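Each chain, written out:
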Amino acid sequence: MSGSLVCVGTGMTLGAHISPISQSHIEQAGVVFSLMANGFAQKWLEGMNTDVRCLQRFYEEGKNRNITYNEMVDTILTEVRDGKKVVAAFYGHPGVFACVSHRAIKKAKAEELPATMEPGISAEDCLYADLGIDPGKTGCMHYETSQFMFYKRNIDTSAHLILWQVALAGDKSLGKFSTGKAYRQVLVDLLLEHYPRDHEVILYQAKGIAIDAMRDEKILLTELVDAELFMHTTLVLPPCSTMQPNEAVLAKLVAIDKKEERIKNGPELSLVL
Amino acid sequence: MSNVIEVLVKMASDSSLNNDNAVSKMLVIADLTEYQLSAISSKNTAHLAETIYDLPMIKCVPLMVPEESNEIEIVTCIKTFATNF
C-alpha cells in the first residue's frame, strides 16, 4: 500500500481553530508527527490519535535549524515511504512561516508520493482579528525579521509593516532561540531610517489556550531594544505616512475612462452595403 | 484526554462561555481539582501546567529559516493564476 502525507494546521488557539478536515486527518492517520506551540496543545493532539510523535526532540539551542528541519523532514518521509498514512500537524497554518511542511511535501512529490496541505488559522489571521487591521485598507508588508535586516527592502511606510520572529532579529547562525539587545538595536536603527523615533509600534502574540490573553502591547519604536520578546512575538509597525497618488498611472487610467465613455456614448453605427 | 484539556477545548469552542459567570457555572460541573479551578479562574497558565504531570515540554516553536537570496526562485513567467478573495 502506498503511503501518503497530509500537512495540517491546528490553528493558534487550542480547540477553537482546527478545521473539521484537519481533525479528521489527524484522527484517521496511521502516524501523526507534531510541532505544537505549547504542552497543552501537544497533549490535546495526543488525545486524538494513539500514535502521535512529537518532533521537538530535534530542536537544540545552537544547532542550525536547517539541520533540525531536514532531520524532521527525513523522519516524516521515512514513515510515508514505509506505506503509512502520515499526518504532520503544525500549530497555526502549516504553510505559513513553517518550512518543514513545504520541504516534506516537495520531497514527497519528488518521490511521487501523494502529499497535500490543509490550511489552518495562522498568527497572521489572528493578528488581523485581534488588532483590527484590514490588510486591504492601505496594504500590509510581511517579512521574517532577520531576512528583513539582511537584505535591502523597499519599505512603504504608508502600509503596515509586520515583522515576524522579532525575538530572533539578526540571527545569522540559525541556531539561537533569541538574540540580544545589540541585535535589536541594529533593527531599530534600520527602522529609524524610515520611521520617527516616537512612532508607536505593537508587540503582538495570539492566544494559545482559552485562558491566555492575546498581547497587544503598544510601545515606542525606540523601546523595542528593552522590550520583553518571545519566540512567537510579532512586531507591527502601523503606517507613518499617507499614500502618495501615482499621477502617471492615474493619467493613463483617466485617458482609458474617457475613451471608453466616448465609445459608450457615441452614435450606434450600422453597416450599409 | 485529560479533564483539563477537555475544559480548555470547551472554553475555546463554546460560544456561550463568553463571560466569567458562564465559565464559573461550567467549571462547577467539571471534574477538576481545586488547584486547577483556581488556576483557570485566575488565568494562570503556569499553575495549570503544573497540574498535568506528563505535560509535554515545548523547547521551541516552529520558526522560519530565512531564505538566502540565491535560494529563492525568481518567477519570470506566470502561466496560470487564481484569484481567491
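Residues numbered from 1 in each chain as written. Chains lettered and ligands numbered in written order. Predicted model: local features only at pLDDT ≥ 70, side-chain atom pairs only at ≥ 80, totals over all residues.

Asker: I would appreciate a short explanation of unusual backbone geometry in the present structure.
Answerer: Most peptide bonds adopt trans geometry, and most residues besides glycine take a negative phi value. Residues and elements named next belong to chain A. The backbone of Glu-112 shows a phi angle near 60 degrees, a positive value even though the residue is not glycine. Counting through the fold element by element, Glu-112 comes out in the loop between α4 (99-110) and β5 (115-118). Its 8 C-beta neighbours within 10 Å are what place Glu-112 among the exposed residues. Positive phi, normally seen in glycine, also occurs at Gln-165, with a value near 60 degrees. (Helix = DSSP H or I, 4+ residues; strand = E, 2+ residues; numbered from the N terminus. Buried ≥ 20, exposed ≤ 12 C-beta atoms within 10 Å, placed from the backbone.)

Asker: Explanation requested: the interface of chain A and chain B in the structure shown.
Answerer: It is common to give the size of an interface as the accessible area that goes away when the parts come together. Listed as interface residues are 40 residues of chain A and, on the opposing side, 28 residues of chain B. The greatest single-element share of the side of chain A that touches chain B, amounting to five residues, is contributed by helix α2 (residues 39-46) of chain A. Tallied by class, residues from the side of chain A that touches chain B come to 24 nonpolar, 12 polar and four charged. (Contact = placed C-beta atoms within 7 Å. Nonpolar A, V, L, I, M, F, W, Y, C, P; charged D, E, K, R; others polar.)

Asker: Explain the sheet that holds strand β1 (residues 4-9) of chain A here, please?
Answerer: The pairing of strands in a sheet comes from backbone hydrogen bonds and takes either a parallel or an antiparallel form. All names here are of chain A. Pairing within the open sheet is parallel, and its five strands lie in the order β3-β2-β4-β1-β5. Edge positions in the open sheet fall to β3 (52-54) and β5, since each of these has one partner strand only. Pairwise comparison of adjacent strand axes, ignoring direction, gives a mean angle of 20 degrees for this sheet. Note: strand β2 (residues 31-35) against strand β4 (residues 85-90), five bridges, orientation parallel. Within β4, the position partnered with Ser-34 by the bridge is Ala-89. Where helix α1 (residues 20-28) meets the sheet, it contacts β1, β2, β4 and β5, and its direction lies at approximately 135 degrees from that of β1. Of the strands in this sheet, β1, β2, β4 and β5 touch α4, which is tilted by about 160 degrees from β1. (Pairing = 2+ DSSP bridges. Axes fitted to C-alpha atoms, helices over the stretch in contact; angles between N-to-C directions.)

Asker: For this particular structure, what's the right way to read the sheet that holds strand β8 (residues 200-205) of chain A?
Answerer: Residues and elements named next belong to chain A. Pairing is mixed in the open sheet, where five strands are placed in the order β6-β7-β10-β8-β9. Lying at the two open borders of the sheet, with one neighbouring strand each, are β6 (140-144) and β9 (215-220). The mean inter-strand angle of the sheet, taken between neighbouring strand axes irrespective of direction, is 20 degrees. As judged from the three bridges shared by strand β7 (residues 160-164) and strand β10 (residues 234-237), these two strands associate in the antiparallel manner. Looking at β10, one finds that Ile-162 is bridged to Val-236.

Asker: Help me out: how do you make sense of the domain arrangement of chain A in this one?
Answerer: Residue and element names in this part refer to chain A. Under the domain assignment, chain A is made up of domain 1 (4-121) and domain 2 (124-237). Here the C-alpha centre of domain 2 lies 26 Å away from the C-alpha centre of domain 1. Taken together, the contact pairs 16 residues of domain 1 with 14 residues of domain 2. Elements represented by at least two residues in the side of domain 1 that touches domain 2 include exactly α2 and α3 (65-81). In the side of domain 1 that touches domain 2, the residues fall into eight nonpolar, five polar and three charged. (Domains from an automatic or database assignment.)

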